[in-house]
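Each chain, written out:
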Amino acid sequence: MSVLVFVEGFNGEIKKSSLEAATYGYQVAQQLGTSATAVAIGEVHEDALAKLGEQGISKVLYDADSRLNDFVADAYVKVIAKAAQQENAKVLVFSNSNIGAAVGAKLAVRLNGSLATNVTTLPKTDGGFIVTRSVFSGKAFAEVNLTSDVKIIAVKKNALEIANAGSGAATIEKFSAELTDADFVAAPKETIMQDTSGGVLLTEAEIVVSGGRGLKGPENWHLVEDLAKALGAATACSKPVADLDWRPHHEHVGQTGIAVSPNLYIAIGISGAIQHLAGVNSSKVIVVINKDPEAPFFKAADYGIVGDAFDVVPKLIEAARALDK
Ligand SMILES: Cc1cc2nc3c(=O)[nH]c(=O)nc-3n(C[C@H](O)[C@H](O)[C@H](O)COP(=O)(O)OP(=O)(O)OC[C@H]3O[C@@H](n4cnc5c(N)ncnc54)[C@H](O)[C@@H]3O)c2cc1C
């Protein structure tokens, strides 16, 4: 019996959220007195895979089939199911990314397992396998007991620190699920990659700089972009900003957009409507810049600056650039 962690790559590196899943998987393995293996799919640098040893992963099963470079749910499920069977894995750990949540759900059906998404804690294993889930857009927590033989956990992003278990390099084993063309029938004809700001993927970013209608128009977006560049952050926006075509829709965060949970979320000229907060309220630190002291976002903020964005943001950009020197 072992714990199997599915790790996702981006630009050949392992995503931060997958390093968190690896950390989680190793800690569960320790609780259960077993080892943690990872499975990786598509184009990921082998040295990045070997470094998973730092999170406590002892072995990585690596399926380098180039047809898997783009996400195809059924093919991914087949690879991970075969890896789980080979390793006799009873606990499967994913990041609660779009891919992780989708594959986790399909695997739960295929392996007759139980799935808990948005998990924020390690399991309590005395008298069951009880994990805590974040529910209702982060407004509440639910405890669930996974009672089936196979347990599938999608770990909420940024819910735990990446730990260095320090056990050296993981061994890499070539792995193949012997996929046929039939496994790729449902593959997308065209893959649309999300634009990234300075190579930073919005869903993985440590820092997000986000703008709202208070910025008046797309011609002022250099303020968001320059601050993001100075901080190594990704850019985001409120829904009306995307609806107005000031920014592309894949930058829209919130209930109907992307959910982000960076270490730092900087909101510029955003009122803080409940639908916006639903996608950002699990950020570790929230900084709000708004000229209206009554703006609802200040209630959710760790730090607030009451002021005109056109005065405040240039000063922040200057200060952030000075930090770099
Ligand atoms: C079903 C549904 C789903 C929705 N989903 C989402 C969602 O996913 N994401 C989302 O964002 N919204 C969503 N909305 C819309 C949401 O209710 C708000 O209307 C929206 O978030 C407001 O965007 P905003 O804060 O950019 O604009 P506004 O509400 O117009 O706020 C602009 C803010 O900028 C401030 N401001 C103005 N000028 C300046 C200045 N010079 N300097 C500093 N501050 C200034 C103002 O004081 C104000 O607080 C949804 C709504 C519905 C009904």
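Just so you know, the residues in each chain are numbered from 1, in the order the chain's sequence is written. With pLDDT at 70 or above as the cut-off, local features in this predicted model cover only qualifying residues; side-chain atom pairs require 80 or more to be listed or tallied, and sums for whole chains, interfaces and linings still use all residues. Working from all heavy atoms in the structure, the side-chain values ignore hydrogens and water.

Per an unreviewed UniProt entry, the protein goes by Electron transfer flavoprotein subunit alpha/FixB family protein and derives from Pontibacter populi. UniProt positions are given in the numbering used here, feature names are shortened, and annotations may be inferred rather than shown by experiment. One UniProt comment on the protein, placed under Sequence similarities (unreviewed entry), says "Belongs to the ETF alpha-subunit/FixB family."

## Topic: the site of the ligand
By convention in this text, a residue qualifies as near a molecule or strand provided that one of its non-hydrogen atoms is within 4 Å of it. Residues in contact with the ligand amount to 26 residues; listed here are only the nearest, Ser-238, Thr-256, Ser-271, Gln-275 and Asn-290. Within the backbone of Gln-255, an N or O atom sits 3.0 Å from an oxygen atom of the ligand. Any pair of nitrogen or oxygen atoms within 3.5 Å is treated as a polar contact; in protein, a donor-acceptor pairing is required on top of that, and neighbouring residues in sequence qualify only through side-chain atoms on both sides. A distance of 2.7 Å separates an oxygen atom of the ligand from a polar backbone atom of Ser-271. The protein chains hide 76% of the 990 Å² of surface that the ligand would expose on its own. Strands here are runs of E lasting at least two residues and helices are runs of H or I lasting at least four, both read from the DSSP assignment and numbered beginning at the N terminus. Sorting the residues of the shell around the ligand by element identifies α6 (239–243), α7 (274–277) and α9 (309–324) as the ones contributing at least two each. Following the grouping adopted for this structure description, the nonpolar residues are Ala, Val, Leu, Ile, Met, Phe, Trp, Tyr, Cys and Pro, the charged ones are Asp, Glu, Lys and Arg, and the polar ones are all others, Gly among them. Looking at side-chain class alone, the shell around the ligand contains six nonpolar, 14 polar and six charged residues. Surface accessibility in these figures is a Shrake-Rupley result with a 1.4 Å probe; residues are shielded only by whichever protein chains are displayed.

## Points about the sheet that holds strand β14 (residues 264–268)
The sheet built from five strands is open, its strands ordered β13-β12-β14-β15-β16 with parallel pairing. The open sheet is flanked by β13 (234–237) and β16 (303–306), the only strands paired with a single partner. Taken over all neighbouring pairs, the strand axes of this sheet differ in orientation by 15 degrees on average, direction set aside. Strands qualify as paired when DSSP identifies two bridges or more between them. Note: strand β12 (residues 207–211) against β14, five bridges, orientation parallel. Paired with Ile-207 across the two strands is Leu-264, which belongs to β14. Axis angles are defined between N-to-C directions and span 0 to 180 degrees, where every axis is a line fitted to C-alpha atoms and, for a helix, only to the segment in contact.

## Describing the packing of helix α3 (residues 73–87) against helix α4 (residues 98–110)
Packing of α3 against α4 brings their axes to within 9 Å, and their N-to-C directions diverge by 60 degrees. Between α3 and α4, the crossing angle belongs to the class labelled oblique. In this structure, α3 crosses over α4, and the sense of that crossing is right-handed. Across the interface between the two elements, Ala-73, Asp-74, Tyr-76, Val-77, Lys-78, Ile-80 and Ala-81 from α3 touch Ile-99, Val-103, Lys-106, Leu-107 and Arg-110 from α4. Considered class by class, the residues forming the contact of α3 with α4 number eight nonpolar, no polar and four charged. Any angle between 65 and 115 degrees counts as roughly perpendicular, while under 35 counts as roughly parallel, over 145 as roughly antiparallel, and the rest as oblique. Rotating anticlockwise by less than a right angle from the far helix to the near helix defines a left-handed crossing, while the corresponding clockwise rotation defines a right-handed one. Contact definition: two residues touch when any of their heavy atoms are within 4.5 Å.

## Thoughts on the nonpolar core
In this text, buried Ala, Val, Leu, Ile, Met, Phe, Trp, Tyr and Cys residues form a nonpolar core when linked through side-chain atoms within 4.5 Å. Relative accessible area decides the class of each residue, using a 1.4 Å probe on protein chains only: under 20% of the type maximum gives buried, over 50% gives exposed, and in between gives partly exposed. One finds Tyr-24, Leu-49, Leu-52, Ile-57 and Ile-153 to be the most contacted residues of the largest nonpolar core, which totals 30 residues. Among the elements of the structure, β1 (2–7), α1 (16–32), β4 (36–41), α2 (46–50), β5 (59–63), β6 (89–95), β7 (114–119) and β10 (151–155) are those that each provide at least two residues to this core. Looking at this core, the element that brings in the most residues is α1, giving five residues. Residue contacts for Leu-52: discarding those within four places in its chain leaves Val-7, Ile-14, Leu-19, Ala-22, Ala-38, Ile-57, Val-60 and Ala-170. Counting 29 residues, the second-largest nonpolar core is a separate cluster that includes Val-39, Ile-41, Ile-152 and Phe-175.

## Structural notes on the domain arrangement of the protein
An automatic or database domain assignment supplies the start and end points of every domain. One can read the domain layout of the protein as domain 1 (2–185) and domain 2 (197–323). Just the C-alpha atoms count here: the centres of domain 1 and domain 2 sit 31 Å apart. Listed per partner, the contact involves 10 residues of domain 1 and 13 residues of domain 2. Here the buried area means the combined drop in accessible surface, using a 1.4 Å probe, for two parts upon being joined, counting both sides. Summing both partners gives a buried area of about 1,000 Å² for domain 1 against domain 2, and 41% of it is carried by carbon and sulfur. Ranking the residues of domain 1 by area buried against domain 2 places Lys-16, Lys-157 and Asn-158 at the top, with a combined share of 46%. Salt bridge, as used here, is a side-chain nitrogen of Lys or Arg placed within 4 Å of a carboxyl oxygen of Asp or Glu. Taken together, domain 1 and domain 2 are joined by two salt bridges. Of the charged contacts, one joins Lys-284 and Glu-161 as a salt bridge, the two residues approaching to 3.8 Å between their closest N and O atoms. Counting the contacts that link domain 1 with domain 2 gives nine residue pairs in polar contact (both at pLDDT 80 or more). By residue class, the composition of the side of domain 1 that touches domain 2 is one nonpolar, three polar and six charged.

## Considering α4
Residues spaced three or four apart along an α-helix face the same direction, because each turn holds 3.6 residues. If you check α4, its first and last C-alpha atoms are 19 Å apart, about what 13 residues at 1.5 Å a residue would give, namely 18 Å. Buried within α4 we find Ile-99, Gly-100, Val-103, Gly-104, Leu-107 and Ala-108. Along the axis of α4, the buried positions cluster into a sector of 150 degrees, meaning they face one direction only. Exposed side of α4, more than 90 degrees from the buried face: Asn-98 and Val-109 are the residues found there. Buried residues along α4 sit against β1, α3, β6, β7 and β10. With its phi angle positive at about 55 degrees, Asn-112 sits one or two positions after the end of α4. For a helix, the expected span equals 1.5 Å multiplied by the residue count minus one. This arc describes the spread of directions from the helix axis toward the C-beta atoms.

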